[in-house]
Amino acid sequence: MEEIRKGALYLVATPIGNLSDMSYRAVHILKEADLIAAEDTRNSRKLLSAYDIHTPMTSYHEHNKYEKAETLLGHLAEGKTIALITDAGTPGISDPGEVMVQRCHEEGYPVIPVPGACAAISALVASGQPTRRFAFEAFLPAAKKERREVLAEMAEETRTMVVYEAPHRLVKTLKELLEALGDRPMTVAGELTKKHERFFLTTISEAAAHFEAEEPRGEYVLVIRGKSAEEKKEEKAEALAGQSIREAVEEKLKAGFDKKTAIRMVAEERGVPKRLVYSEAIEVRGS
């Protein structure tokens, strides 16, 4: 078993449901560390008890992440080893561990990942949706303005999107996704790694209707298909259909491109010869 490094921060992934997903390395690090920083000490105590781990523990959560990070840096300065764990899964993914990691890098302390369970990756790989390229959105912002902005960005996203959601907000979020993105193929993953784990391959509208009729229980991961190349092409064609070549060139010039570049861009977008665009736009003033 590896020799633990002094004055280092270990990011230790913990199970997201099934306690058997704890790795040998994770148990070793948690036993040998000088201190465990946990998002919820009461929740983590059950895990530590299951693996006979008696390392001292301190709380590190959303409401103390800045001031507590400085305290933890003080322990690292003394040569102590700290293991950071989250409620479930990999620290630093949509949790306050991100702040501690940034501070360690700023101050020059080693940050060592101990891989393991991650709800986003587990849901994605078993979703049946495209996995080569994906965007992790975590929980959508609570603030209305920021939430609208994120949903607008998601509407144009071509990669598969992964979203976390709590049961009491699931139906509301599904309806917002339907309004912003349209009806897309998606997979709803629930109770990951637990006894009643399930993957619901559906569409956004079907999922919203289903969970209106059946009360959601447990935490959910939504894996949503991105906008297809065909959809993008159709939208582009519709936009071009209502705009003349001359108007398209003028639009490029207003955006700051010189006339030669504008003509080339419009020709490429429309799949027509540059000389045709030039003849149509010959009287348009250059930038």
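Residues numbered from 1 in each chain as written. Predicted model: local features only at pLDDT ≥ 70, side-chain atom pairs only at ≥ 80, totals over all residues. Heavy atoms only, no water.

(A) Structural detail: the pattern of salt bridges. Per the counting criterion, the structure on display carries 20 salt bridges. The residue Lys-145 makes a salt bridge to Glu-149 at a minimum N-O spacing of 2.7 Å. Of the two residues, Lys-145 and Glu-149 are both situated in helix 6 (residues 144-155); the distance of 4 residues between them amounts to about one turn of the helix. Judged by its relative accessible area of 55%, Lys-145 is exposed. Since its relative accessible area comes to 40%, Glu-149 is described here as partly exposed. Residue Arg-246 is joined to Glu-250 by a salt bridge in which the shortest nitrogen-to-oxygen separation is 3.6 Å. In this pair, Arg-246 and Glu-250 both sit in helix 10 (residues 245-254), 4 residues apart, roughly one turn of the helix. (Salt bridge = Lys/Arg side-chain N within 4 Å of Asp/Glu carboxyl O. Helix = DSSP H or I, 4+ residues; strand = E, 2+ residues; numbered from the N terminus. Buried < 20%, exposed > 50% of the residue type's maximum accessible area, 1.4 Å probe, protein only.)

(B) Representation of a nonpolar patch on the surface. A cluster of nonpolar side chains, contributed by Ile-93, Ile-121, Val-125, Phe-134 and Phe-136, occupies part of the molecular surface with about 410 Å² of accessible area. Of all the secondary structure elements, the ones that give two or more residues to the nonpolar patch are helix 5 (119-125) and strand 6 (134-139). As for its placement among the helices and strands, Phe-134 is situated in strand 6. (Patch = residues over 30% accessible without salt bridge, like charges linked within 9 Å, V, L, I, M, F, W, Y side chains within 5 Å. Areas by Shrake-Rupley, 256 points an atom, 1.4 Å probe, with all protein chains shown as cover.)

(C) How the structure looks around the nonpolar core. Core analysis: the largest hydrophobic core is formed by 21 residues, its most contacted members being Met-154, Leu-174, Leu-177, Met-186, Leu-222 and Ile-224. Of all elements in the fold, only helix 6, strand 7 (160-165), helix 7 (170-181), strand 8 (185-190), helix 8 (204-213) and strand 10 (220-224) reach the threshold of two or more residues within this core. Take this core: its biggest share by element is 5 residues, from helix 7. Excluding residues within four positions of it along the chain, Leu-222 makes contact with Met-161, Val-162, Val-163, Leu-170, Thr-173, Leu-174, Leu-177, Met-186, Thr-187 and Val-188. (Core = buried A, V, L, I, M, F, W, Y, C linked by side-chain atoms within 4.5 Å. Contact = heavy atoms within 4.5 Å.)

(D) Looking closely at the packing of aromatic side chains. Taken as a whole and judged by the stated rule, the model has 4 aromatic pairs. With 5.3 Å between their ring centres and 70 degrees between their planes, Phe-211 and Tyr-220 make a pair best called edge-to-face. Judged on exposure class, the residue Phe-211 and its partner Tyr-220 are both buried. (Phe/Tyr/Trp six-rings, centres within 6.5 Å; stacked < 30°, edge-to-face > 60°.)

(E) Just the sheet that holds strand 1 (residues 9-12), in detail. Taken in spatial order, the 5 strands line up as 3-2-4-1-5 in an open sheet, and their pairing is parallel. Of all strands in the sheet, those bounded by a partner on one side alone are strand 3 (57-59) and strand 5 (111-114). For this sheet, the mean angle separating the axes of adjacent strands, direction not counted, is 25 degrees. Where strand 2 (residues 35-38) lies against strand 3, 3 bridges are found, and the strand directions are parallel. Of the residues in strand 3, the one forming a bridge with Ala-38 is Ser-59. Across the sheet, helix 1 (residues 24-32) touches strand 1, strand 2, strand 4 (82-85) and strand 5, and the angle it forms with strand 5 is around 135 degrees. (Pairing = 2+ DSSP bridges. Axes fitted to C-alpha atoms, helices over the stretch in contact; angles between N-to-C directions.)

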